[in-house]
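# Coordinate inspection notes
These are the residues of each chain, in order.
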Amino acid sequence: MTDILVIGSVNLDLSASVSRLPAPGETITGATLGRFPGGKGANQALAARRLGANVKLIACVGDDATADEALALVRAGGVDLEHCMVDANEPTGVALISVTPSGENHIVVAPGANARLTLDNVDMPEADALICQLEVPGATIASAASTFAGFFCVNLAPARDIDKSIIERADLVVVNETESAWYGERLSLCNGMVATTYGKAGAELSLNGKNIARTDALLVNAIDATGAGDVFTAALTVALVEQMNPADALRFACTAASVATTIRGAQPSLPSRKEIDARL
Ligand code: RIB
């Protein structure tokens, strides 16, 4: 079985279904509220677990009831939380999300304890692959990237300035279209593969600036894209570490992400391996 280590965020997602996204200064009423476990780190950890990997999550939450709610599904799903830390001085991270009927979203994150995640007192577990994202301190990711010996995937989301050593070290960088434009030439620092997602238009994989695979997304009735990028990141990493060829791995990841958009909420929508195989 593949061993995956995820270092990243845990949030409680407060997700409002709205008829349309508000303009600046506008109030929209009539929304329905959902509370879902989320955070890019936790989403990617549980996504990899549902695909059959053994997963450890290194994260930081507050000493509050929000933490129990935010960790409920990763815990029930069998993600190893032995390295999940508690910071008594900060609240657990919360994401405020608005989702339209077509699945488009806006997300605002209050990171709380996620911003306190360090590896200072952690004995880094060994694994086949390490997956990180950018909702925890950049220094924590840079230190993990420099000490980890296996396959290293970084999902450069949300886009922000980071040490270039993180991109240089990556065997796989995952960005969406907006992030790709934001990082621009800096993505060429990556010595491994760069996967770019285009929502309904699918995804592509490149190596040394050359396209090596392209795939369409599955035609589905998308109602909530929250967490779709996380499923894509986890599925592509699991598939590549399992030695699937890049084209098949990209199709596997895109199918998993498409399926995830058909159910509301980030973690409730993460598909099992069986569900993905049935769609391929
Ligand atoms: O990628 C989706 C995630 O981003 C949400 O679950 C939310 O918590 C934010 O971190």
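Each remark here, short or long, concerns the structure printed above.
Residues numbered from 1 in each chain as written. Predicted model: local features only at pLDDT ≥ 70, side-chain atom pairs only at ≥ 80, totals over all residues. Heavy atoms only, no water.

A separate point is the side chain of Glu 179. Take Glu 179: it is sitting in helix 5 (residues 177-183). For the buried Glu 179, no salt bridge exists, and the shortest N-O distance to an oppositely charged side chain is 6.0 Å, to Lys 40. If near-sequence neighbours (up to four positions away) are discounted, Glu 179 is found in contact with Leu 156, Ala 157 and Ala 159. (Helix = DSSP H or I, 4+ residues; strand = E, 2+ residues; numbered from the N terminus. Buried < 20%, exposed > 50% of the residue type's maximum accessible area, 1.4 Å probe, protein only. Lys, Arg positive; Asp, Glu negative; His and termini not counted. Salt bridge = Lys/Arg side-chain N within 4 Å of Asp/Glu carboxyl O. Contact = heavy atoms within 4.5 Å.)

Turning next to the pairing of strand 2 (residues 11-17). Most of strand 2 sits out of view: five of its seven residues are buried. As judged from the seven bridges shared by strand 2 and strand 3 (residues 32-38), these two strands associate in the antiparallel manner. Bridging from a neighbouring strand, Ser 17 pairs with Thr 32 of strand 3. Examined bridge by bridge, strand 2 and strand 6 (residues 93-99) share seven bridges and lie parallel to one another. (Pairing = 2+ DSSP bridges.)

Now for the sheet that holds strand 7 (residues 105-110). If you walk across this open sheet you meet the four strands as 3-2-6-7, and the pairing is mixed. Two strands in the sheet have a free side with no partner beyond their single neighbour: strand 3 and strand 7. Across the sheet, the mean angle from the axis of one strand to that of its neighbour is 20°, orientation sign disregarded. (Axes fitted to C-alpha atoms, helices over the stretch in contact; angles between N-to-C directions.)

Note that Thr 100 resides in the loop between strand 6 and strand 7. Given the relative accessible area of 7%, Thr 100 is considered buried. The residues touching Thr 100, leaving out its near neighbours within four places in the chain, are Val 18, Ser 19, Arg 20, Leu 21 and Ile 223.

Before going further, it helps to examine the site of the ligand. Around the ligand lies a shell of 13 residues, among which Asp 13, Gly 39, Lys 40, Glu 135 and Asp 230 are the nearest. Taking Asn 43, its side chain carries an N or O atom lying 3.0 Å from an oxygen atom of the ligand. Contacts to the ligand include Asp 230, whose side-chain N or O atom sits 2.8 Å from an oxygen atom. The protein chains hide 96% of the 280 Å² of surface that the ligand would expose on its own. Only strand 2 and helix 1 (40-50) provide two or more residues apiece to the shell around the ligand. (Near = heavy atom within 4 Å. Polar contact = N/O pair within 3.5 Å; in protein donor to acceptor, adjacent residues only side chain to side chain. Areas by Shrake-Rupley, 256 points an atom, 1.4 Å probe, with all protein chains shown as cover.)

Another aspect to go through is the packing of helix 1 against helix 6 (residues 228-241). Orientation of helix 1 relative to helix 6, taken along the N-to-C sense of each, is 45°, at an axis distance of 8 Å. Relative to helix 6, the element helix 1 lies oblique. Classified by chirality, the crossing of helix 6 by helix 1 is right-handed. Contacts between helix 1 and helix 6 involve Lys 40, Asn 43, Gln 44, Ala 47 and Ala 48 from the former and Asp 230, Val 231, Thr 233, Ala 234 and Val 238 from the latter. Its residues assigned to classes, the contact of helix 1 with helix 6 shows five nonpolar, three polar and two charged. (Parallel < 35°, antiparallel > 145°, perpendicular 65-115°, else oblique. Left-handed = near helix turned anticlockwise from the far one by under 90°. Nonpolar A, V, L, I, M, F, W, Y, C, P; charged D, E, K, R; others polar.)

Time to look at the state of the cysteines. Enumeration according to the criterion identifies zero disulfides in this entry. In this structure Cys 84 is not part of a disulfide, and its nearest cysteine sulfur, from Cys 60, lies 7.3 Å away. Between Cys 254, a free cysteine, and Cys 153, which holds the nearest cysteine sulfur, the sulfur-to-sulfur gap is 15 Å. (Disulfide = S-S within 2.5 Å.)

All quantities given are derived from atomic positions and should not be read as evidence of function.
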